[in-house]
Amino acid sequence: MIVITDTAAEKAKEIINIEGKAGWGIRLFVSGSGCCGPAFGMDLAENPETGDSVVEKNGLKLFADKETANKLMGFTMDFIDDGENHGFVIKSDKPSSCSSGGGSCC
């Protein structure tokens, strides 16, 4: 489904624990779409729903319904902190036409 970096797994577990939800996971879902592909959202979830795909990394569990899991193929979830910006990113491992020269995306 999706690759989770060690950094993303550890930061997500830290946030889940701060929220008092130890043992919970993260539900990923499609929150929209554009010419560059799907947009994803995330929320805390105690358990997977029936039919969910589950990915686990370093004790972090990610849940996604079938449609979302299929769209997450070839994506990586990471956590970035460059001093000014920080947060989770879900990025495609495939080249995007949006980043090629000369074109614009929506």
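Here the structure is shown first, and the text comes after it.
The paragraphs below set out a description of the structure included in this document.

## Some points on the sheet that holds strand β6 (residues 75-81)
Line of reasoning, step 1. Pairing is mixed in the open sheet, where three strands are placed in the order β1-β6-β7. This sheet does not close on itself; its edge strands, each paired only once, are β1 (2-4) and β7 (86-92). Taken pair by pair, the neighbouring strands of this sheet meet at an average axis angle of 30 degrees, ignoring direction.
Line of reasoning, step 2. Of the strand pairs in this sheet, β1 and β6 are connected by three bridges, and their pairing is parallel. The residue of β6 that forms the bridge with Ile 2 is Phe 75.

## Things to note about the pattern of salt bridges
Line of reasoning, step 1. A full pass over the atoms with the stated rule returns seven salt bridges.
Line of reasoning, step 2. Ionic pairing is found between Arg 27 and Glu 49, a salt bridge with its closest N-O pair at 3.9 Å. Residue Arg 27 is located in strand β2 (residues 25-34), and its partner Glu 49 is located in the loop between β3 (37-45) and β4 (53-57); the two are separated by 22 residues in the primary sequence.

## A few points about the environment of Asp 43
Line of reasoning, step 1. Relative to the helices and strands, Asp 43 is located in strand β3.
Line of reasoning, step 2. In this structure, the C-alpha to C-alpha distance between Asp 43 and Arg 27, residues 16 residues apart in sequence, is 5.3 Å.
Line of reasoning, step 3. Dropping the residues within four chain positions of it, Asp 43 is found in contact with Gly 25, Ile 26, Arg 27 and Phe 29.

How each quantity is defined
The residue numbers shown here count from 1 along each chain, following its written sequence. Local features in this predicted model are restricted to residues whose pLDDT is 70 or higher, and side-chain atom pairs enter the listing and the counts only when it is 80 or higher, whereas totals over whole chains, interfaces and linings include all residues. The basis for the side-chain values is all heavy atoms of the structure; hydrogens and waters are excluded. Think of it this way: DSSP has to see at least two bridges between two strands before they count as a pair. Strands here mean DSSP runs of E at least two residues long; helices mean DSSP runs of H or I at least four residues long; both are numbered from the N terminus. Here an axis means a line fitted to C-alpha atoms, over the contact stretch when the element is a helix, while the angle between two N-to-C directions is reported on a 0 to 180 degree scale. For this document, the term salt bridge refers to a Lys or Arg side-chain nitrogen within 4 Å of an Asp or Glu carboxyl oxygen. Should any heavy atoms of two residues lie within 4.5 Å, those residues are counted as being in contact.

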